[in-house]
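Here are the chains, one letter per residue:
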Amino acid sequence: TGLVDFELPPAEMPAKIIAYATHTLTIINTFELTASQKYENEINKIFIILRSNTGHDFSQYKANTINRRIVRRMALQQIEMLEEYVAYLQKTPREVEALFYELLIGVTNFFRDPEAFVALEKVIPNLFMNKSTNDSIRVWITGCSTGEEAYSIAILIKEYMLKIGKNYTVQIFATDIDPRAIAIARAGIYPSDIALDISTQRLSRFFKAVANDGTYCIDKSIRDMLIFSEQNVIKDPPFSKLDLISCRNLLIYLT
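Just so you know, these numbers come straight off a predicted model, no measurement behind them.

Describing the pairing of strand β1 (residues 136-141)
- For β1, a buried count of five out of six residues is recorded, marking the element as mostly surrounded by other parts of the structure.
- As paired strands, β1 and strand β2 (residues 169-176) are joined by six bridges and run parallel to one another. Looking at the pairing, R138 lines up with Q171 of β2.
- Tracing the backbone out of β1, into helix α8 (residues 148-164) and back to the parallel element β2 gives a crossover that is right-handed.
- Bridging between β1 and strand β7 (residues 244-246) involves three bridges; their strand directions are parallel. Paired with I141 across the strands is S246, a residue of β7.

Structure below.
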């Protein structure tokens, strides 16, 4: 995940864990941070620091999500007062970067919430209505994280084209503000445990096992349908002339 907090010799680990646990009990709790107006000024300062350092505005994210992550970073840095954490952010660029990546929370997997994909599968034929094979099917997936959602939707579209025996030009634009996640999505290589989320038939048809290292690579027929790019829906121009937009991985984080 790229979210290791400490690298220590084993002998030093117990003291660090105990210090972390003890400190977490004394730190400002997330509920208090969310419920109290007195912290609003400091939270706004954190938004300004993040925006000036990363170019991204988190002020419309859900307060509970933001506050939980701030409290966690405070605990890791052994800081008890929010004012102290703001001051620490102002003088520590690497902590701003750590908070930024923590806030992105790239939680995703193939065919996540299977019932949603069962519903989507019923909608896919509508994308092809009144289209000739010379037309393009254009899809936009926002908050694509490491690509599992985008590849899952591409697989549904590919399966439908195989079913009807016709081949259309499909352009799937998959975007996120996390450059690390986009790099993973572009590579299209995933660990062996994706087999828990993907049927045996789909795994054999749309993935290739990479010899000797226990990973799977997305098949070229699926990869060629996708264009991954960094994009911020708050400030960057949207894509146009679309047949389908998937926003669920983005909207769950916003107020």
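After that view of the structure, there is still more to cover.
Some words on the side chain of T215
- With respect to the element layout, T215 can be found in strand β5 (residues 215-218).
- Not counting the four nearest positions on each side in its chain, T215 is found in contact with I189, Y190, P191, S192, K208, A209 and V210.

Observations concerning the pairing of β2
- Taken across its eight residues, β2 has six buried, putting it largely inside the fold.
- Examined bridge by bridge, β2 and strand β6 (residues 226-230) share five bridges and lie parallel to one another. Note that in β6 the partner of D176 across the bridge is E230.

Here we look at the confidence of the model for the chain
- Averaged over the chain, the pLDDT score is 89; the fraction of residues at 70 or greater is 93%.
- At the level of individual helices and strands, the chain shows its lowest average pLDDT in helix α2 (residues 30-35), which scores 62, and its highest in β6, which scores 96.

Re the pattern of salt bridges
- Evaluation of the coordinates by the stated rule reveals 13 salt bridges.
- Linking R69 and E102 is a salt bridge whose minimum nitrogen-to-oxygen distance equals 3.6 Å. With R69 in helix α4 (residues 63-76) and E102 in helix α6 (residues 93-104), this pair connects stretches of sequence that are 33 residues apart.
- With a relative accessible area of 24%, R69 lands in the partly exposed category.
- E102 is the salt-bridge partner of R73, the closest N and O atoms lying 3.7 Å from each other. With a gap of 29 residues between them, R73 in helix α4 and E102 in helix α6 connect regions that are remote in the sequence.

A few points about the sheet that holds β6
- Here four strands make up an open sheet; going across it, the order is β6-β2-β1-β7 and the pairing parallel. Of all the strands in the sheet, just β6 and β7 have a single pairing partner and so form its edges. On average, each strand axis in the sheet is tilted by 20° relative to the strand beside it, whichever way the strands run.
- The sheet strands contacting helix α9 (residues 179-187) are β2 and β6, and the helix crosses β6 at an angle near 165°.

Topic: the sheet that holds β5
- One open sheet holds the three strands; their spatial order is β3-β5-β4, and the pairing between them is antiparallel. Whereas interior strands pair on both sides, the edge strands pair on one side only; in this sheet they are β3 (189-191) and β4 (207-210). Between one strand axis and the next, the sheet turns through 35° on average, direction left out of account.
- Taken together, the four bridges between β4 and β5 define a ladder with antiparallel strand orientation. Bridge pairing links A209 to Y216 in β5.

Some thoughts on unusual backbone geometry
- With a phi angle near 60°, Q78 is a residue other than glycine that sits in the positive phi range.
- Within the element layout of this structure, Q78 appears in the loop between α4 and α5 (82-91).
- You will see that D113, though not glycine, has its phi angle at about 60°, which is positive.
- Mapping D113 onto the fold places it in the loop between α6 and α7 (114-127).

Rules used throughout
Sequence order as written defines residue numbering, which begins from 1 separately in each chain. With the structure being a predicted model, the display of local features is reserved for residues of pLDDT at least 70 and the display and counting of side-chain atom pairs for 80 or more, all residues being used for whole-chain, interface and lining totals. Water and hydrogen atoms play no part in the side-chain values, which are based on all heavy atoms of the structure. The cut-offs for exposure are 20% and 50% of the maximum accessible area for each residue type, with area from a 1.4 Å probe on protein chains only; residues under the lower value are buried, those over the upper are exposed, and the others partly exposed. Strands here are runs of E lasting at least two residues and helices are runs of H or I lasting at least four, both read from the DSSP assignment and numbered beginning at the N terminus. Strand pairing is defined by DSSP finding a minimum of two bridges between the two strands. The handedness of a crossover follows from its direction of travel: if, with the strands pointing away from the viewer, the path from the first strand over the helix to the second runs clockwise, the crossover is right-handed. The contact definition used throughout considers only heavy atoms, calling two residues in contact when any of these lie within 4.5 Å. The quantity called pLDDT is the predictor's confidence in a given residue, expressed from 0 to 100. Salt bridges, as used here, are contacts in which a Lys or Arg side-chain nitrogen is within 4 Å of a carboxyl oxygen on Asp or Glu. Angles shown run from 0 to 180 degrees and are taken between the N-to-C directions of axes, each axis being a line fitted to C-alpha atoms and, for helices, limited to the stretch in contact.

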